[in-house]
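# Inside the fold
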Amino acid sequence: GQGPISAAIELRKRLPAKAEIATLKIAVANTGAARLRLSDTLGRVPSSQEAADHSVYFLVAVALLDGRFGLDQLTSGRWQDADVRALIERTEATIDPTLKPPTSLPCRLEATLTNGETIVIERNVTPGMPAMPLSWDEVMEKFRRCSADVIGEDAQSEVIDAVARIETLPSVRPLLGALVGGR
């Protein structure tokens, strides 16, 4: 879901103020994971955190509505909210065999607004893949977001510092200590 999530965040930035989406089309590459997830009827209207975490419908809808994606949107039950459900109802997800290579996890979002305007966001490569690696700043920001409810800010900084110096550390004990005892 990272490619469609990043495309949804970019789409939100490109939407005109007060724009309303009439329909949203999600196209993903033909991969085993995509075939599995799109064939799972529980993903269309998720009823649990686990189903939401594997639902391209939910992941795209919440990223588009909130302008971000984070674990808190799963743990808070955001998939149950009326705005998310309403957007999911107007969303169609398909596999597009022309999106290649599948190993780069390309995707396309096409939003048709109520005024008839269409905005298309296409990702040839999913951010974070070797062909489009995240910057160090993006990795640090993502780590802080994902670990916020698990370890404190000081421990997060210790982990980041240790990872930045991992090739010169005589031992990974400081890294493990920050991860385990970081509350």
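Structure first, text after, so check above.
Reading guide: rules and limits
Residues numbered from 1 in each chain as written. Predicted model: local features only at pLDDT ≥ 70, side-chain atom pairs only at ≥ 80, totals over all residues. Heavy atoms only, no water. Helix = DSSP H or I, 4+ residues; strand = E, 2+ residues; numbered from the N terminus. Contact = heavy atoms within 4.5 Å. Areas by Shrake-Rupley, 256 points an atom, 1.4 Å probe, with all protein chains shown as cover. Lys, Arg positive; Asp, Glu negative; His and termini not counted. Charge placed at Lys NZ, Arg CZ, Asp CG, Glu CD. Patch = residues over 30% accessible without salt bridge, like charges linked within 9 Å, V, L, I, M, F, W, Y side chains within 5 Å. Salt bridge = Lys/Arg side-chain N within 4 Å of Asp/Glu carboxyl O. Buried < 20%, exposed > 50% of the residue type's maximum accessible area, 1.4 Å probe, protein only. Pairing = 2+ DSSP bridges. Axes fitted to C-alpha atoms, helices over the stretch in contact; angles between N-to-C directions. Core = buried A, V, L, I, M, F, W, Y, C linked by side-chain atoms within 4.5 Å.

Before going further, it helps to examine the overall build of the protein chain. Each helix and strand counted, the protein chain has 10 helices and 4 strands in total. Listing the helices and strands of the protein chain from first to last along the sequence gives α-β-α-α-α-α-α-α-β-β-β-α-α-α. Over its C-alpha atoms, taken along the principal directions, the protein chain stretches across nearly 60 × 35 × 35 Å. Restricting to contacts in the protein chain with at least 6 residues of sequence separation, those with at least 24 account for 62%. Surface summary for the protein chain: the accessible area is close to 10,400 Å², and the carbon and sulfur share equals 54%. Counting 21 positive and 24 negative side-chain charges, the protein chain places the averaged centre of each group 3 Å from the other.

What follows covers the environment of Trp-79. As for its placement among the helices and strands, Trp-79 is situated in the loop between α6 (71–75) and α7 (82–89). With 53 residues separating them along the chain, Trp-79 and Met-132 place their C-alpha atoms 29 Å apart. Residues within four places of Trp-79 in sequence aside, it is in contact with Pro-46, Ser-47, Ser-48, Gln-49, Ala-52, Phe-58, Gln-73, Leu-74, Val-84 and Arg-85.

A separate point is a nonpolar patch on the surface. On the surface, Ile-166, Val-172, Leu-176, Leu-179 and Val-180 cluster together into a nonpolar patch covering about 440 Å² of accessible area. By secondary structure assignment, the location of Ile-166 is in the loop between α9 (153–164) and α10 (173–180). Residue Ile-166 is classed as partly exposed on the basis of its relative accessible area, which comes to 37%.

The strand order β2-β1-β3-β4 describes an open sheet built from 4 strands, whose pairing is mixed. If you trace the sheet from one side to the other, it starts and ends with β2 (91–95) and β4 (118–123), each paired once. The mean inter-strand angle of the sheet, taken between neighbouring strand axes irrespective of direction, is 10°. In this fold helix α1 (residues 2–14) packs onto β1 (21–28), β3 (107–113) and β4, with an angle of close to 145° to the strand it touches most, β4. Contacts from helix α5 (residues 56–66) reach β1, β2 and β3 within the one sheet, and its direction differs from that of β1 by about 125°.

Turning our attention to the side chain of Ser-104. Relative to the helices and strands, Ser-104 is located in the loop between β2 and β3. Looking at Ser-104, the relative accessible area reads 14%, which means it is buried.

The subject of this paragraph is the nonpolar core. In this structure, Leu-11, Ile-21, Phe-58 and Leu-64 are the most contacted members of the largest nonpolar core, which totals 34 residues. Mapped by element, the contributors of at least two residues to this core are α1, β1, α5, α7, β3 and β4. Element by element, the count of residues in this core is highest for α5, at 9 residues. Aside from chain neighbours lying at most four places away, what touches Leu-64 is Ala-8, Leu-11, Arg-12, Leu-15, Ile-21, Leu-24 and Leu-87.

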